[in-house]
Amino acid sequence: MSSDVFESLKKRYLTLRKKEVIRVLKVQDAIVSEIRDFLKGECFVEILAPIIGPVTDPGIRGAKQISFDYYGARFKVMSSMILYKQVMMTSLPKIFALSPNIRLEPLETVKTRRHLTEFRQIDLEVAHATYKDMMELGERMLCHIITKVKHRCSKELEEQKRVLKVPQKPFKKYTYKEALEILKNLGINVNFGLEIPWEAEEALSKIHKEPFWITDFPVEARGFYYMEHEDNLGILDLGILKDFDLIYPEGFGEAVSGGEREYRYNKIVERMRASEENISEYGWYLDMLKAGVPPSAGFGIGVERLTRFICGLENIWDAVPFPKVAGVLSS
Ligand code: ASP
Ligand code: MG
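Predicted model, so just to flag it, every value in this text is computed and none were measured.

1. Some remarks on the coordination of the magnesium ion (ligand 2)
Taken together, E254 (OE) and S257 (OG) make up the protein donors of the magnesium ion (ligand 2), found 2.1 Å from the metal. Judged by its relative accessible area of 22%, S257 is partly exposed.

Written out as structure tokens, the structure is:
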């Protein structure tokens, strides 16, 4: 990455006034308001996201969490509000939040052009829903946003030279196993059980012209809170999850992660042990599971990544007013 890029990130007070930046911020405003409109039309209640707490999402693909001293105890900055989405299910059956997240990504993520260390996701959860329900909702939501934003921001998208098509529903679906086979045919080998590396995911994304799903990831690759299929589909001897990622086409990569939740105390403790989580940190979460929480499913969609895709931006840091990129000491 050229040092000019880093220097310009440090001088955001100068670049923020450029017309190219202003244009993207206007499209982003339309995206966020259309998401809100869509979800409110589906009877979701918007809640205020937590920012800190004693525990946060451990399933963050090699990124680090931020811990700090909170009146003598260790607290963390939210890497995602997943655990809080589950507790919300005891209160309201359909919720969403515009949730700010911090993930200290490895330095090499600068090269992916789609990782920020501070980002926001529209994080939603529905009680008693299946992961398939959530995929269907995700497709409708993305098509709705693209249709509306194309119309509202036609001038900006034209200036951006972005030709954006409303995707065809239903989107293509591959299981993780099928995705690994496609990658093998592209000459990329990924061992079953591992997360799909960023470069491999980008290669998959590049050979698609429409968004597509990857479902049924292996237990080892993901957080303890996703529900396992009862029958492991006869695939090796590994557990398979009822979860999904949505991948944008044209090389833009991951858009959404989500799935059905494990909500049973004993199963969660088993999964925490298997993934070597420090169980003693999860006090309130485990107490909540013991008291009982409804089954649910949900997902998170990154707002900056959606903006990058809709505007056709090369770099994610052009999709946020105050970008935080791994290793760059910007404002
Ligand atoms: N917590 C997940 C993430 O941030 C999203 C979800 O499963 O709701 O990747
Ligand atoms: Mg993800």
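2. So, the pairing of strand β3 (residues 67–70)
With four bridges connecting them, β3 and strand β4 (residues 73–77) associate as antiparallel partners. Across the sheet, the residue bridging to D69 is R74, located in β4.

3. Examining the environment of S331
Mapped onto the elements, S331 comes out in the segment after α11 (303–311). Sequence separation of S331 and K10 is 321 residues, and the distance between their C-alpha atoms is 6.1 Å.

4. Structural notes on unusual backbone geometry
Cis geometry marks the peptide bond from K169 to P170; its omega dihedral reads -10 degrees. If you trace the backbone, P170 turns up in the loop between α6 (154–159) and β7 (172–175). Unusually for a residue other than glycine, H128 sits at a positive phi of about 60 degrees. Tracing the chain through its elements places H128 in the loop between β6 (118–127) and α5 (131–152). Look at E250: it is not a glycine, yet its phi comes out positive at around 60 degrees. With respect to the element layout, E250 can be found in the loop between β9 (243–248) and β10 (253–260).

5. Digging into the nonpolar core
Core analysis: the largest hydrophobic core is formed by 45 residues, its most contacted members being L39, L124, M134, M141, F299, L306 and I310. If you list the elements that add at least two residues to this core, you get α3 (19–41), β6, α5, β9, β10, β11 (296–302) and α11. Among the elements that make up this core, the one with the highest residue count is α5 (10 residues). In this structure, L306 is in contact with I31, I35, L142, I145, Y248 and I301, ignoring residues within four places of it in sequence.

6. Topic: the sheet that holds strand β1 (residues 45–46)
Overall, mixed pairing links the eight strands, which are arranged β1-β5-β6-β11-β10-β9-β8-β7 in an open sheet. The sheet terminates laterally at β1 and β7, the two strands that pair on one side only. Here five bridges tie β10 to β11, and the two strands are oriented antiparallel to one another. Bridge assignment links G258 to a residue of β11, and that residue is F299. Here α3 sits on the sheet in contact with β1, β5 (94–102) and β6, set at roughly 150 degrees to β5.

Basis of the calculations
- Think of each chain on its own: its residues are numbered from 1, step by step along the sequence as written.
- To label them, take the chains in the order written and letter them from A, then take the ligands in the order written and number them from 1.
- At least 70 in pLDDT is required for a residue's local features to be given in this predicted model, at least 80 for side-chain atom pairs to be given and counted, and no such filter applies to totals for whole chains, interfaces and linings, which use all residues.
- Each side-chain value is derived from all of the structure's non-hydrogen atoms; neither hydrogens nor water enter the calculation.
- Coordination partners: N, O, S within 2.8 Å of the metal, 3.2 Å for Na, K and Ca; water not considered, so apparent gaps in a site are possible.
- Between buried and exposed lies partly exposed: a residue is buried under 20% and exposed over 50% of the maximum accessible area for its type, with that area taken using a 1.4 Å probe on protein chains only.
- Any two strands with at least two DSSP-identified bridges between them are counted as paired.
- Only DSSP runs of H or I covering at least 4 residues are called helices, and only runs of E covering at least 2 are called strands; the numbering of each starts at the N terminus.
- Put simply, buried Ala, Val, Leu, Ile, Met, Phe, Trp, Tyr and Cys residues joined by side-chain atoms within 4.5 Å make one nonpolar core.
- For this analysis, residues touch if any pair of their heavy atoms sits within 4.5 Å.
- Axes here refer to lines fitted to C-alpha atoms; in helices the fit is confined to the stretch in contact. Angles between the N-to-C directions go from 0 to 180 degrees.

Take it as geometry only, folks, not as evidence of what the structure does.
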